[in-house]
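If you want the building blocks of each chain, they are given just below.
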Amino acid sequence: MPDERAPNGKDFDPVGAFREVRDNYLDVWAKTMVDAVNSEAYAKATGMMLDTYLTASAPLREALEKSTLQALQQLNMPSRPDFISLAERLTNVEMKLDDLDAKLDEIGNSLKKPSSARPRKPAAARNRGKGAK
Amino acid sequence: MAEAAVVAEQFLELPEKLNAFNKAVTTKVPIAQTPKEVVWALNKAKLYRYIPVVPEEKRLPVPLLLVFALMNRPYILDLRPGHSFVEFMVKQGYDLYLLDWGSPGPEDKNLKFDDYTLDYMPRAIRKMKVISGSKEFSMLGWCIGAILATVYAALRPDDGLRNLILLTAPLDFSNKQGITFARWVDERYFDVDKVLEATGNMPGEMIDYGARALKPVDNYVLNYLKLWDNIDNPQVVDAWMAMNTWVTDNVPLAGGAFRQLVVDLYRNNRLMRGEWIIRGERVDLKKIRANMLTVIAEGDHITPPCQSEAIMSKVGSKDKELFRVRGGHIGIMAGSGADKITWPHIEGWLRPRSK
């Protein structure tokens, strides 16, 4: 059984020294990168890249959307805008149902309340009424 | 000789470690396991009620509603058994509700803060009140969820909100130098309309990239090195996998809300300046009267502390507290120390105010 203990008593770690160097290096790198992404130059560069991509892809995207829409119309099938409009209408219906549900809750609560909230006349008072007839 | 044997042994273990690492990185683990039921739904949004585990007579009478951000899954609040804020609060006797915004589709691209705060939240809260039987409630908003909670509290101050808890709330955008996102979405560099014209909603992947790029080495290198270095430690690996499952599960942000976030808040700071108009109503923070606890993460790079401090002097609440915690945006609630510092503090603040 090999002795895995280093002379100082700690567990022998063959990559320990490397790990320490690595961590120190990464620490410096991390701080440098945080400064870099927090700079105007980074904001400008990423903005420019995104803008270039959007500008370059726009004609293709528009052509694709147009042709898809035309194909769906030819096939008499619903397109994305149709589904969007349908989904919006469904959400409106859902909201109305939700309001109705809330009203039903209110009615249910108000029906429960009177029986417990309204005090019954004492028996003597009720009998008094009967006796007067 | 002994050193050579150890090196050889470590070398032989390498394939096994690589397999374990690969599995950890690619496997989705079960999350959000605290039992719950859907009690309300509208479009993609759902209101969950967590099944109480404390007898009714011992439960706190004022229910608590959790409102998380729009562009992440809310199960970070219920990450895994034993490490879940939800589980902790349910065990403490709270009647707990979670508003899950779901994932917006192309049909939701026009959804704005107006819709979330004036159509969705009032309805969810109405249902919560019916189920709990309480006219009053507490609300905890985290990140963008804190913006929603704040706007709701200001627009509907008489709706029964007794306690408002804001976690890492991005509300003040005046310090442009201190907020990296503000620099990135500056109108000189970022054309929000052009992006939304192409994408409809803000894609989850772009939001994820933005969040990770704030600390690129930490998120793209150190995070994985931490896993590699601890691959033999099941506790670290389990925690890492749960967090990785959440981090990689992104949802888009509705286009209308993203535009407001960029134009109204990041660029023009309209909320803090008292100029934000939500469906014709001005959001006046002075109208907030609920008891308020603001929790700030001192090491937060997503919502720097400067964004959450000013709200304290703007609200009309008399009972208010600012609590600072060491840690990051997510770490203060889902990190290893959360159950010792943040959760007990929130619970300790809320309990006497929930009776």
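Draft legend 1. Looking closely at the packing of aromatic side chains. Residues and elements named next belong to chain B. By the definition in use, this model includes 16 aromatic pairs over all chains. Measuring from centroid to centroid gives 5.7 Å for Phe21 and Trp228, while their planes differ by 75°, and the two rings are edge-to-face. Taken together, the residues span a long stretch of sequence, with Phe21 in helix H1 (residues 2–26) and Trp228 in helix H8 (residues 216–229) at a distance of 207 residues. Their ring planes at 40° and their centres at 5.7 Å tell us that Phe88 and Trp343 sit as a pair that is tilted. With Phe88 in helix H2 (residues 85–91) and Trp343 in helix H14 (residues 342–350), this residue pair connects regions lying 255 residues apart in the sequence.

Draft legend 2. Representation of the packing of H8 of chain B against helix H9 (residues 234–247) of chain B. All names here are of chain B. Packing of H8 against H9 leaves a shortest axis separation of 9 Å and a crossing angle of 145°. The two elements H8 and H9 cross, and the hand of that crossing is left-handed. Counting all contacts with H8, which are made through Asn223, Tyr224, Lys226 and Leu227, the residues of H9 involved are Val236, Val237 and Trp240. Taken together, the residues of the contact of H8 with H9 break down into five nonpolar, one polar and one charged.

Draft legend 3. Structural detail: the interface of chain A and chain B. Listed per partner, the contact involves 40 residues of chain A and 43 residues of chain B. Between chain A and chain B lies a buried interface of about 3600 Å² when both sides are counted; carbon and sulfur atoms form 59% of it. Run the count over chain A and chain B and you get 11 salt bridges. Ionic pairing is found between Asp229 of chain B and Arg19 of chain A, a salt bridge with its closest N-O pair at 3.8 Å. Scanning the region where chain A abuts chain B turns up 17 residue pairs in polar contact (both at pLDDT 80 or more).

Draft legend 4. How the structure looks around the packing of helix H3 (residues 113–132) of chain B against helix H4 (residues 144–155) of chain B. All names here are of chain B. Contact geometry of H3 with H4 gives a least axis separation of 10 Å together with a crossing angle of 75°. Between H3 and H4, the crossing angle belongs to the class labelled roughly perpendicular. Touching Phe113, Tyr116, Thr117, Leu118, Met121, Pro122 and Ile125 of H3 are Ile144, Ile147, Leu148, Ala149, Val151, Tyr152 and Leu155, all from H4. By residue class, the composition of the contact of H3 with H4 is 13 nonpolar, one polar and no charged.

Draft legend 5. Representation of unusual backbone geometry. One non-glycine residue, Asn76 of chain A, lies in positive phi territory at about 60°. Relative to the elements of secondary structure, Asn76 of chain A occurs in the loop between helix H2 (40–74) and helix H3 (80–117).

Draft legend 6. Structural view of the confidence of the model for chain A. Residue and element names in this part refer to chain A. On average, residues of chain A score 82 in pLDDT, and 76% of them are at 70 or above. Of all the helices and strands in chain A, helix H4 (residues 123–132) carries the lowest mean pLDDT, 48, while H2 carries the highest, 94. Across residues 129–133, confidence stays below pLDDT 50; counting only partners more than four residues off in sequence or on other chains, it has zero contacts.

Draft legend 7. Structural context of H3 of chain B. Residue and element names in this part refer to chain B. Helix length check: H3 (20 residues) gives 26 Å between terminal C-alpha atoms against 28 Å at 1.5 Å per residue, within 8%. Its maximal kink placed at Met121, H3 deviates by approximately 35°, while the proline Pro122 follows within four residues. Judged by how many residues are buried, H3 sits mostly within the fold: 15 of 20 residues are covered. Where H3 ends, the next residue or the one after it, Gly133, has phi of about 75°, a positive value.

Draft legend 8. Spatial organisation of the nonpolar core. Residues and elements named next belong to chain B. Counting 128 residues, the largest nonpolar core has Leu77, Phe85, Trp101, Met139 and Leu164 as the members making the most contacts within it. Broken down by element, this core gets its largest block of residues, 10 residues, from H4. Beyond its immediate stretch of four places on either side in the chain, Trp101 contacts Lys44, Ala45, Val67, Phe68, Ala69, Leu70, Tyr116, Tyr120, Met121 and Leu148.

Draft legend 9. Seen up close, the pairing of strand S4 (residues 96–100) of chain B. Residue and element names in this part refer to chain B. Burial analysis of S4 places five of its five residues in the buried class, the great majority of the element. Here S4 shows no split at all, with Leu96, Leu98 and Asp100 on one side and Tyr97 and Leu99 on the other all buried. Of the pairings in the sheet, the one linking strand S2 (residues 45–50) to S4 comprises four bridges and is antiparallel in character. Note on S4: the bridge partner recorded for Arg49 is Tyr97.

Draft legend 10. Structural view of the pattern of salt bridges. Residue and element names in this part refer to chain A. Under the definition given, this model contains 34 salt bridges over all chains. The partner of Asp27 in a salt bridge is Lys31, with the nearest N and O atoms 3.5 Å apart. Of this pair, Asp27 and Lys31 both sit in helix H1 (residues 16–37), four residues apart, which is roughly one turn of the helix. Among the residues examined, Asp27 registers a relative accessible area of 40% and is labelled partly exposed. By relative accessible area, Lys31 is classed as exposed at 54%.

Draft legend 11. Up close: a negative patch on the surface. The grouping of Glu62 and Glu65 of chain A together with Asp191 and Glu197 of chain B at the surface amounts to a negative patch. Examined against the element boundaries, Glu197 of chain B turns out to sit in helix H6 (residues 192–199).

Draft legend 12. Layout of the sheet that holds strand S5 (residues 137–142) of chain B. Residue and element names in this part refer to chain B. An order of S1-S2-S4-S3-S5-S6-S9-S10 is seen for the eight strands of this open sheet, with the pairing classed as mixed. Looking at the sheet topology across the chains shown, the edges are occupied by strand S1 (36–42) and strand S10 (320–325). Averaged over all pairs of adjacent strands, the angle between their axes in this sheet comes to 20°, without regard to strand direction. As defined by bridge partners, strand S6 (residues 161–167) adjoins strand S9 (residues 291–297) across five bridges and the pair is classed as parallel. Bridged to Asn163 within S9 is Asn291. Where H3 meets the sheet, its contacts fall on S1, S2, strand S3 (64–67), S4 and S5, and the angle it forms with S1 comes to roughly 140°.

Reading the values: the criteria
- Residues numbered from 1 in each chain as written.
- Chains lettered and ligands numbered in written order.
- Predicted model: local features only at pLDDT ≥ 70, side-chain atom pairs only at ≥ 80, totals over all residues.
- Heavy atoms only, no water.
- Phe/Tyr/Trp six-rings, centres within 6.5 Å; stacked < 30°, edge-to-face > 60°.
- Helix = DSSP H or I, 4+ residues; strand = E, 2+ residues; numbered from the N terminus.
- Axes fitted to C-alpha atoms, helices over the stretch in contact; angles between N-to-C directions.
- Left-handed = near helix turned anticlockwise from the far one by under 90°.
- Contact = heavy atoms within 4.5 Å.
- Nonpolar A, V, L, I, M, F, W, Y, C, P; charged D, E, K, R; others polar.
- Buried area = accessible area lost by both parts, 1.4 Å probe.
- Salt bridge = Lys/Arg side-chain N within 4 Å of Asp/Glu carboxyl O.
- Polar contact = N/O pair within 3.5 Å; in protein donor to acceptor, adjacent residues only side chain to side chain.
- Parallel < 35°, antiparallel > 145°, perpendicular 65-115°, else oblique.
- pLDDT = per-residue confidence, 0-100.
- Expected span 1.5 Å × (residues − 1).
- Bend = angle between axes of the 7 residues up to and from the residue.
- Buried < 20%, exposed > 50% of the residue type's maximum accessible area, 1.4 Å probe, protein only.
- Core = buried A, V, L, I, M, F, W, Y, C linked by side-chain atoms within 4.5 Å.
- Pairing = 2+ DSSP bridges.
- Patch = residues over 30% accessible without salt bridge, like charges linked within 9 Å, V, L, I, M, F, W, Y side chains within 5 Å.
- Areas by Shrake-Rupley, 256 points an atom, 1.4 Å probe, with all protein chains shown as cover.
- Lys, Arg positive; Asp, Glu negative; His and termini not counted.
- Charge placed at Lys NZ, Arg CZ, Asp CG, Glu CD.

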